[in-house]
Amino acid sequence: MDNLFKNIISHCKTYGFIFPSSEIYDGLSATYDYGPNGVELKNNIKQAWWKSMVRQHENIVGLDAAIFMHPKTWKASGHVDAFNDPLIDNKTSKKRYRADVLVEDYMAKLEAKIQKEVDKAKKRFGDDFDEVMYSKTNPRVLANAEKHEAARTRLAKAMTDGDLEDMKKMIEDYEIACPESGSRDWTEVRQFNLMFSTQLGAVAGEEGKLYLRPETAQGIFVNFLNVQKSSRQKVPFGIAQIGKAFRNEIIARQFIFRMREFEQMEMQFFVQPGSEMEWYEYWKAERLKWHEMLGGSSEDLRYHDHDNLAHYANAAVDIEFKFPFGFKELEGIHSRTDFDLTQHQALSGKKMQYFDPVLNESYVPYVVETSIGVDRMFLATLSRAYTEESVPDGKGGSSERVVLKLHPSLAPVKCAILPLVKNNADLTEKARAVFDDLKMDYAAQYDEKDAIGRRYRRQDAIGTPYCITVDHDSLEDNAVTVRERDSLTQERVSLDGLKAYLAQRL
Ligand code: ATP
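The following refers to the structure shown. Note that the coordinates shown come from a computational prediction; the quantities given were computed from them, not determined experimentally.

What counts, and at which threshold
Residues numbered from 1 in each chain as written. Predicted model: local features only at pLDDT ≥ 70, side-chain atom pairs only at ≥ 80, totals over all residues. Heavy atoms only, no water. Helix = DSSP H or I, 4+ residues; strand = E, 2+ residues; numbered from the N terminus. Buried < 20%, exposed > 50% of the residue type's maximum accessible area, 1.4 Å probe, protein only. Contact = heavy atoms within 4.5 Å. Areas by Shrake-Rupley, 256 points an atom, 1.4 Å probe, with all protein chains shown as cover. Phe/Tyr/Trp six-rings, centres within 6.5 Å; stacked < 30°, edge-to-face > 60°. Core = buried A, V, L, I, M, F, W, Y, C linked by side-chain atoms within 4.5 Å. Near = heavy atom within 4 Å. Polar contact = N/O pair within 3.5 Å; in protein donor to acceptor, adjacent residues only side chain to side chain. Nonpolar A, V, L, I, M, F, W, Y, C, P; charged D, E, K, R; others polar. Pairing = 2+ DSSP bridges. Axes fitted to C-alpha atoms, helices over the stretch in contact; angles between N-to-C directions. Salt bridge = Lys/Arg side-chain N within 4 Å of Asp/Glu carboxyl O. Expected span 1.5 Å × (residues − 1). Left-handed = near helix turned anticlockwise from the far one by under 90°.

All right, on to the overall build of the protein then. Helices and strands together make up the secondary structure of the protein, namely 17 helices and 23 strands. Along the first, second and third principal axes, the C-alpha set of the protein runs to 75 × 65 × 50 Å. Here the protein holds 506 residues, and the buried ones make up 48% of them. Contacts in the protein between residues at least 24 apart in sequence constitute 65% of all its contacts with a sequence separation of at least 6. Accessible surface, the protein: about 25100 Å² in total, of which carbon and sulfur atoms supply 50%.

Structural data, given as C-alpha cells:
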C-alpha cells in the first residue's frame, strides 16, 4: 500500500495534478499547489457537488462568505475556547504528535492483527469458513477485539472530558512508541488551538486580532436570516458554500489528506426543532448516494459513527473512504442542534429566529450539516481511479499502462483529438477543425507529438475518457476512430454524429 501511495503522489507531480508548494524553496510542509490537470479535476469535483446540492434542490441556495469574520464569531462558535487538539512531543525524536491519533494508530494495529488472523483462517478452511463464528470464538481475535473496544471507549471518554492526564496514561499503558525513534519518552499532553490568527492593519492588540476561518460553516450561520429573507426560503431549507478553510494542524502528513490550508464544501440545512434526526438520516443517505454515483462502492466507503461528539452536536457520522493508508474520514454529517445560532444570538444581541408561518410561531432552527473537504475528495477520487494494468499491445503481446479510471464528469480532459501522424497538412487541418468544433462544449485537447501509442498512454494517465483519431480515411469518409479509455474498444464514428455520440456518453 505504501508503494501504491508513493506512486500516486509521483503520478500527481509528473502529470500536472499537484505540486509541492514553493518547491524551489524546498516546499512548505502540508501545503500544495494544483497544476493544470489538478485544477480541472478539482473544479469538476466542486461542480458535481454544487449541481447535486444547489441545482437539484429547490430549497438549497448558495453563498460565498468572506474568509475573515468578526472575531466574536469564533468566541460564539466555541472555536476560541475549544477548537483544540491534544498535543504530545517525543523527547528523543523531538517529533510532535496528536495524542488521540497515536491511540487511534494503536487501535488500527489491533484491527490489522484481527484481520490477519481472519485471513489466515479463511485460507486454511476454504469454503467451509464461517467468519462470524470464528470472530466470536477464536481466543486471539477475542483478546484483540476486547483491547480495541477498551481503547475506543477510554479514548472517547478522555476526548469528551478533555482529560489530558488519561490521554498520557493511555499512551503509557498501551506502550505506544514514537514511530520515528521507537522511544517511549513522552512529554505531558497539552491543548493546542488550531486556529491561525493574524492582525488587522491599523488596529493594535487583541482588538485587531483576526482569525483565518477554520470552517466555512460560520459564514453561513451569521448570514442565515439575510439569505432566508432575500431568497424567500421556508424552513426546511439549506445554504451551500465552497471555500477555503485553515487549520494549524499539529501533524499534517499523508499528502493532501491533511493540509493547513484546504477547501471545504459545506451545506447547512435549517430545520424545525425536533425534526433534526429525520433530516440527519436523510442527508446521511443522500451523501452516500452522491459518492456512489461518482463510482464509490461498499468496498471503499463506510459509515463511522462518532464516539465523542463535538461540543455543538447531538449526532455525527463520518463517511469514511478506504485511502491507500486505510479507512479515514472523507465527509462528516453532523446534527448541530441550535447551538451556533443561539450562540450568535447571545453574543451579537441580534435575533436569529425564524417565523414559521405554518406553526404561527418563531423559533431558532436546528441545523443538520454535511461537510466534505475538496482536497480529501480529490485524493479519494484519484486513489480510486489510479490503476496499473497490463493491456494487449495490438501485436499479440501485452504492455503495462497507468490509467486513471475517473468518472467522465470528473475527468480533466473529456476528449483528445489526435491526427494519426504529424506533419501531414491535410490531417492536421482536419483534426484542428474537429478540435475547434468540440472545444467550446468539452475540455478537449489537441495533441500531435509522438507516436499514437504514446499519445494514448498520456491521455490514459490523466484519465481522458475518449481519444479521437483522425486518419487518412477520415479525409474520405468524414469519420474518426473513437477509443474508449477503460475497455480500449475503438469505434468508427461519423463526424456528423460525433457531438451526439460524446454527449450521450459524457
Ligand atoms: P479530522 O478528524 O480528520 O481532523 P475533522 O473531524 O476535524 O477531521 P471536520 O471538522 O468534520 O473534520 O471537517 C469536515 C471535512 O473537512 C472533513 O471531513 C475533511 O474532509 C475536511 N478536512 C478537515 N480538516 C482537513 C485538513 N486539515 N485538510 C484537508 N481536509 C480537511
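The discussion continues.
To continue, consider the packing of aromatic side chains. The full count for this structure, using the stated rule, is 24 aromatic pairs. When the ring of Tyr32 is compared with that of Phe255, the centres are 5.1 Å apart and the planes differ by 80°; the resulting orientation is edge-to-face. Within this pair, whereas Tyr32 is found in strand S2 (residues 32-34), its partner Phe255 is found in the loop between strand S9 (237-246) and strand S10 (261-271), the two being separated by 223 residues in sequence. Exposure remark for Phe255: the relative accessible area of 6% places this residue in the buried category. Considering the side-chain rings of Trp49 and Trp50, the 6.3 Å spacing of their centres and the 50° angle between planes classify their relative orientation as tilted.

Among the nonpolar cores identified, the biggest contains 55 residues, and Trp49 and Phe378 are the most heavily contacted of them. A total of 7 residues in this core trace back to one element, the largest contributor, which is helix H13 (residues 374-385).

For the ligand, the set of nearby residues contains 17 residues, the closest of which are Glu249, Arg258, Met259, Glu329 and Leu330. Within the side chain of Arg258, one N or O atom sits 2.8 Å away from an oxygen atom of the ligand. Here the ligand has 600 Å² of accessible area as a free molecule, and 86% of this is covered by the chains. Listing elements by their share of the shell around the ligand, those giving two or more residues are S10, strand S13 (326-337) and strand S16 (366-373). Per element, the largest residue contribution to the shell around the ligand is 5 residues, and it comes from S13. Tallied by class, residues from the shell around the ligand come to 5 nonpolar, 5 polar and 7 charged.

A word on the sheet that holds strand S20 (residues 444-446). The strands making up a sheet associate through hydrogen bonds between their backbones, and the pairing can be parallel or antiparallel. The sheet built from 5 strands is open, its strands ordered S20-S19-S21-S22-S23 with mixed pairing. The sheet is open, and its two borders are formed by S20 and strand S23 (490-494), each paired with just one other strand. Neighbour-to-neighbour, the strand axes of this sheet turn through a mean angle of 25°, independent of strand direction. In the sheet, strand S22 (residues 479-484) pairs with S23 via 5 bridges, with the strands oriented antiparallel. Across the sheet, Ala479 pairs through a bridge with Ser494, a residue of S23.

Moving on: the side chain of Thr464. Structurally, the position occupied by Thr464 is in the loop between helix H15 (452-462) and strand S21 (466-470). A polar contact of 2.6 Å, which involves the side chain of Thr464, links it to the side chain of Gln459. Contacts of Thr464, omitting those with residues within four sequence positions, involve Val413, Lys414, Cys415, Ala416, Gln459 and Arg485.

What the 7 strands build is an open sheet, ordered S3-S9-S10-S16-S13-S12-S11; its pairing is mixed. The outermost strands of the open sheet, each flanked by one partner alone, are strand S3 (60-63) and strand S11 (301-305). Neighbour to neighbour, the strand axes of the sheet diverge by 25° on average, direction disregarded. Here S9 runs beside S10; their pairing, made up of 10 bridges, is antiparallel. Counterpart to Gln241 in the pairing with S10 is Glu266. Contacting S3, S9 and S10, helix H10 (residues 224-231) runs over the sheet at an angle of about 135° to S9.

Another point: the pattern of salt bridges. As enumerated under the stated definition, the model contains 42 salt bridges in all. Of the charged contacts, one joins Arg154 and Asp173 as a salt bridge, the two residues approaching to 3.1 Å between their closest N and O atoms. One end of the pair, Arg154, is in helix H7 (residues 139-161); the other, Asp173, is in helix H8 (residues 164-173), with 19 residues separating them in the sequence. You can call Arg154 partly exposed: its relative accessible area is 22%. Judged by relative accessible area, which is 38%, Asp173 ranks as partly exposed. Residues Asp436 and Lys439 are paired through a salt bridge, measuring 3.1 Å at the closest nitrogen-oxygen approach. Given a relative accessible area of 41%, Lys439 falls into the partly exposed group. Here the salt bridges share partners, and the residues they tie into one network are Glu389, Arg401, Lys405, Arg457, Asp460 and Arg483.

Turning to H13, a few remarks are in order. With 12 residues, H13 should cover 16 Å at 1.5 Å per step; its first-to-last C-alpha distance of 16 Å lies within 8% of that length. When we look at burial in H13, the residues that qualify are Val374, Asp375, Arg376, Met377, Phe378, Leu379, Ala380, Thr381, Leu382, Ser383 and Ala385.

Our focus in this paragraph is the packing of helix H5 (residues 99-125) against H8. Viewed as axis vectors pointing N to C, H5 and H8 meet at an angle of 35°, and their least axial separation amounts to 10 Å. For H5 against H8, the interelement crossing comes out left-handed. Contact residues: Ala99, Asp100, Leu102 and Val103 in H5; Met167, Met170 and Ile171 in H8. Looking at side-chain class alone, the contact of H5 with H8 contains 6 nonpolar, no polar and 1 charged residues.

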